[in-house]
Amino acid sequence: MTKPRVLIAEELSPATVEALGPDFEIVECDGADRSALLPAIADVDAILVRSATQVDAEAIAAAKSLKVIARAGVGLDNVDIKAATQAGVMVVNAPTSNIVSAAELAVALLLASARNVVPASSALRNGEWKRSKYTGVEVADKTVGVVGLGRIGILVAQRLSAFGVRLIAYDPYVQPARAAQLGVRMVTLDELLAESDFITVHLPKTPETVGLIGDAELHKVKPTVHIVNAARGGIIDEDALYRALVDGRVAGAGLDVYAKEPCTDSPLFSLEQVVGLPHLGASTDEAQEKAGIAVAKSVRLALSGELVPDAVNVQGGQLDDVIKPLLPLAEQIGSIACSLADGAVERVDVLALGEIASHDVRVLELSALKGVFQKLVHDPVSFVNAPVLAQQRGVEVALTTDSVSEDHRSLLRVTLTLTDGGTVSVAGTVTGPRHIAKIVEVDGFDVDVPVSDHMAFLRYQDRPGVVGTVGRILGEAGVNIGGMQVSRDDSGQALTVLTVDSTIAPDQLEEIVTDIAASSGKSVDFA
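Presented here is an overview of the structure given in this document.

**A closer look at the pattern of salt bridges**
Consideration 1: For the coordinates displayed, the defined rule picks out 25 salt bridges.
Consideration 2: Residues Arg5 and Glu25 are paired through a salt bridge, measuring 3.4 Å at the closest nitrogen-oxygen approach. Here Glu25 lies in strand 2 (residues 25-28) and Arg5 lies in strand 1 (residues 5-8), a separation of 20 residues in the sequence.
Consideration 3: By relative accessible area, Glu25 is classed as partly exposed at 34%.
Consideration 4: Arg34 is the salt-bridge partner of Asp56, the closest N and O atoms lying 3.0 Å from each other. Remark: Arg34 occurs in helix 2 (residues 34-41) and Asp56 occurs in the loop between strand 3 (46-49) and helix 3 (57-62); sequence separation between them is 22 residues.

Shown next, in the form of structure tokens:
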């Protein structure tokens, strides 16, 4: 078999290639060079980048086989996520790879600003011994305001607590009780600005956070405050910060990020009280290695057809261990339900019953939807674009959970509502230590049939001789029956589910339907 091709478009840690392993063909190019990128990306299954390669709509359109865009880092400003989603391309990053490095750098900037490390060092290099000019301030017993108490903000707070500071934070999405466990008091932004001796910013860049600390806010701070931003440029208004520093309303600043990057010519760089760095938050050997390994693992998962739960454009939630065995089942029963439908689908209902109802089961809805659309469209369907396809075709999707399951520890049911008002329903479960996937119900008929690569479903009025007829036709065609189960309802209607060792050809299925006077006959193939 041909190995999947992975394009490495920027220099990555050697551990990245090692983590990919021998199962992939590795190709390389200079992703910053468009004339090299566009032809190189044309026939690859995945691309690994850092920040210099622009994977925009043009590049995605040129990549006919692309399944995964992997950013070995956190920010995704250089990836067109919307275009990738429309194309069914998964976008992954390494959201936790640099959190320790970023937190440590924020602390370093805070300390450097407090003690005038950079200007004092520069003066000494110029032959000047200026001890009195560069007298600093201690961090101990001061109030540190953390703007954004996410993963990095928490790490910064934990590290600074060892300095004997008072910790306050502003983050509208963090509960005070959770912050209290960390020794942090939650306050409003205005309170943080007024109380803090040091302010450190750890927010993502969004329309709501751009310019969050501007001119008005910098008129509310102590004139002795030191401000650090090692998160994202633009959250602090750089022009307003410059004026506040020049006017003496802010004592010092430590900056690693800027509104426009690369930034080599800013008025802030002319001020001695500013420590400026060229976005070094993730620039440690450890962070780069963690990022490369993380995205390599994600690429392996994605190219093997598995879900990557933390992919940025897959809204599947966390993949709990109890949910994992049901993930392929959800896709299979979605495909079976769609194969049994005789009309256009207008609604997909996914019902999770029993033990799984207490977990995050959104990924099962996603997988079922993927199975449904694999039978409806000719284009490739992925965990990424299945919701997009549903939206584009006006198909409603709903997920319901119920902790009660009378016959099984966990049960998953997919029900399709058709435009003519009809419905198709298929339910399944997994059993035993090997998590055997089984179909246990089809349109109200109770069955117990393991999911097979090749299956058939026959609906007819029950009478003697049907099983023999089916066996004869398939035997003459050389199709071996692996299993067969017949289920009947009170009216005498019967459903036979077959598992067979090879595909049933359309003419063979038509012969069966005709000879047993079946009301419907459908074959489903997964292989």
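**Digging into helix 11 (residues 238-246)**
Consideration 1: Those residues of helix 11 that fall on the buried side of the exposure criterion are Glu238, Ala240, Leu241, Ala244 and Leu245. Down the axis, helix 11 shows its buried residues gathered within 155 degrees of arc, on one side only.
Consideration 2: Against the buried residues of helix 11 lie helix 10 (215-218), strand 10 (226-229), strand 11 (252-255) and strand 12 (274-276).
Consideration 3: If you check the start of helix 11, you find a side-chain oxygen 3.0 Å away from the backbone N of Asp239, and it comes from Asp237.
Consideration 4: Downstream of helix 11 by one or two residues, Gly248 has phi in the positive range, about 80 degrees.

**Structural notes on a negative patch on the surface**
Consideration 1: Where like charges cluster on the molecular surface, the negative patch consists of Glu18, Glu104, Asp285, Glu286 and Glu289.
Consideration 2: Among the elements that line the negative patch, the one with the most residues is helix 12 (residues 285-303), at three residues.
Consideration 3: Along the chain, Glu289 turns up in helix 12.

**Topic: the environment of Leu111**
Consideration 1: On the secondary structure map, Leu111 appears in helix 5 (residues 99-114).
Consideration 2: Sequence spacing of Leu111 and Ala87 is 24 residues, and the spatial spacing of their C-alpha atoms is 46 Å.

**Section: the pairing of strand 1**
Consideration 1: Neither face of strand 1 is exposed, since Arg5 and Leu7 on one face and Val6 and Ile8 on the opposite face are all buried.
Consideration 2: The pairing of strand 1 with strand 2 spans four bridges and is classified as parallel. For Val6, the partnering residue across the bridge sits in strand 2 and is Ile26.
Consideration 3: Between the parallel pair strand 1 and strand 2, the chain is carried across by helix 1 (residues 14-20), and the sense of this crossover is right-handed.

**A closer look at a nonpolar patch on the surface**
Consideration 1: On the surface, Val467, Met484 and Val486 cluster together into a nonpolar patch covering about 210 Å² of accessible area.
Consideration 2: Relative to the helices and strands, Val486 resides in strand 20 (residues 481-488).
Consideration 3: Overall, Val486 belongs to the partly exposed group, its relative accessible area being 37%.

**A word on the nonpolar core**
Consideration 1: If you look at the biggest cluster of nonpolar residues, it comprises 74 residues, and the most contacted ones within it are Val299, Val348, Leu364, Phe373, Leu416, Ile439 and Phe457.
Consideration 2: In terms of residue count, the dominant contributor to this core is helix 13 (residues 326-340) (nine residues).
Consideration 3: In this structure Phe373 touches Val381, Ala386, Leu389, Ala390, Arg393 and Val395, once residues within four positions along its chain are discounted.

**Some words on the packing of helix 5 against helix 7 (residues 151-161)**
Consideration 1: For the pair helix 5 and helix 7, the least separation of the axes is 9 Å and the interaxial angle reads 50 degrees. In terms of orientation, helix 5 lies oblique with respect to helix 7. Crossing geometry of helix 5 relative to helix 7 is assigned as right-handed. Contacts between helix 5 and helix 7 pair Ile99, Val100, Ala102, Ala103, Glu104, Ala106, Val107 and Leu110 from the former with Ile152, Leu155, Val156, Arg159 and Leu160 from the latter.

**Remarks on the sheet that holds strand 20**
Consideration 1: The four strands lie next to each other as 20-21-19-22, forming an open sheet whose pairing is antiparallel. The sheet terminates laterally at strand 20 and strand 22 (520-525), the two strands that pair on one side only. Each strand of the sheet is rotated relative to its neighbour by a mean of 15 degrees, with strand direction disregarded.
Consideration 2: In this structure, strand 20 lies alongside strand 21 (residues 493-500), joined through seven bridges in antiparallel fashion. When the bridges of strand 21 are listed, Ser487 appears paired with Leu495.
Consideration 3: On the sheet, helix 16 (residues 466-476) packs against strand 19 (454-461), strand 20 and strand 21 and is oriented at approximately 155 degrees with respect to strand 20.

**A closer look at the environment of Leu110**
Consideration 1: Tracing the backbone through its elements, the reader meets Leu110 in helix 5.
Consideration 2: Overall, Leu110 belongs to the buried group, its relative accessible area being 1%.
Consideration 3: A C-alpha to C-alpha distance of 9.4 Å links Leu110 and Asn229, two positions 119 residues apart in sequence.
Consideration 4: Among all residues touching Leu110, those that are not within four sequence positions of it are Val139, Leu160, Phe198 and Val228.

**Examining the sheet that holds strand 13 (residues 345-354)**
Consideration 1: If you walk across this open sheet you meet the six strands as 14-13-15-16-17-18, and the pairing is mixed. This sheet does not close on itself; its edge strands, each paired only once, are strand 14 (396-402) and strand 18 (445-450). Strand-to-strand twist in this sheet, taken as the mean axis angle between neighbours without regard to direction, amounts to 20 degrees.
Consideration 2: Sheet analysis places strand 15 (residues 410-418) next to strand 16 (residues 423-431), joined by six bridges and oriented antiparallel. Bridging across to strand 16, Thr415 finds its partner in Ser425.

**Quick look at unusual backbone geometry**
Consideration 1: For the bond from Glu261 to Pro262, the omega torsion is 0 degrees, close enough to zero to count as cis.
Consideration 2: Residue placement: Pro262 occurs in the loop between strand 11 and strand 12.
Consideration 3: A positive phi angle, near 55 degrees, is found at His279, a position not held by glycine.
Consideration 4: Tracing the backbone through its elements, the reader meets His279 in the loop between strand 12 and helix 12.
Consideration 5: A positive phi angle is found at Asp443, which is not glycine, with a value near 50 degrees.
Consideration 6: Position of Asp443 relative to the elements: it lies in the loop between strand 17 (436-442) and strand 18.
Consideration 7: Looking at Asp443, the relative accessible area reads 29%, which means it is partly exposed.

Conventions and cut-offs
Residue numbers run consecutively from 1 along every chain, following the written order of its sequence. Residues qualify for local features only when their pLDDT is at least 70, as the model is predicted, and side-chain atom pairs are given and counted only at 80 or more; totals for whole chains, interfaces and linings, by contrast, use all residues. Values shown for side chains rest on all heavy atoms present in the structure; no hydrogens or waters enter the calculation. Here, a salt bridge means any side-chain nitrogen of Lys or Arg that lies within 4 Å of a carboxyl oxygen of Asp or Glu. Elements are defined by DSSP. Helices are runs of H or I of four residues or more, strands are runs of E of two residues or more, and each kind is numbered from the N terminus. Here the term buried applies to any residue with accessible area under 20% of the maximum for its type, exposed to any over 50%, and partly exposed to those in between, with areas from a 1.4 Å probe on protein chains only. Of all possible arcs, the one meant is that of the directions from the helix axis to the C-beta atoms. For this analysis, residues touch if any pair of their heavy atoms sits within 4.5 Å. Here a polar contact means two N or O atoms within 3.5 Å. Within protein one must be a hydrogen donor candidate and the other an acceptor candidate, and residues neighboring in sequence count only if both atoms are side-chain atoms. Like charges are joined within 9 Å and nonpolar side chains (Val, Leu, Ile, Met, Phe, Trp, Tyr) within 5 Å, but only among residues with over 30% relative accessible area and no salt bridge; these make up the patches. Per-residue and other accessible areas were derived by the Shrake-Rupley procedure at a 1.4 Å probe size, with only the shown protein chains allowed to occlude residues. Counted as positive: Lys and Arg. Counted as negative: Asp and Glu. His and the chain ends are not counted at all. To locate a charge, take atom NZ for lysine, CZ for arginine, CG for aspartate or CD for glutamate. Paired strands, in this sense, are two strands between which DSSP finds at least two bridges. For the handedness criterion, the strands are oriented away from the viewer, and a crossover whose path from the first strand over the helix to the second runs clockwise is classed as right-handed. We define the nonpolar core as a collection of buried residues of types Ala, Val, Leu, Ile, Met, Phe, Trp, Tyr and Cys that are connected through side-chain atoms lying within 4.5 Å of one another. Lines fitted to C-alpha atoms define the axes here, with helix axes fitted over just the stretch in contact, and angles between the N-to-C directions of these axes take values from 0 to 180 degrees. Here is the rule for angles: anything less than 35 degrees is roughly parallel, anything more than 145 is roughly antiparallel, 65 through 115 is roughly perpendicular, and the remaining ranges are oblique. Handedness of a crossing is defined here by the sense of rotation of the near helix relative to the far one, left-handed for an anticlockwise turn of less than a right angle and right-handed for a clockwise turn.

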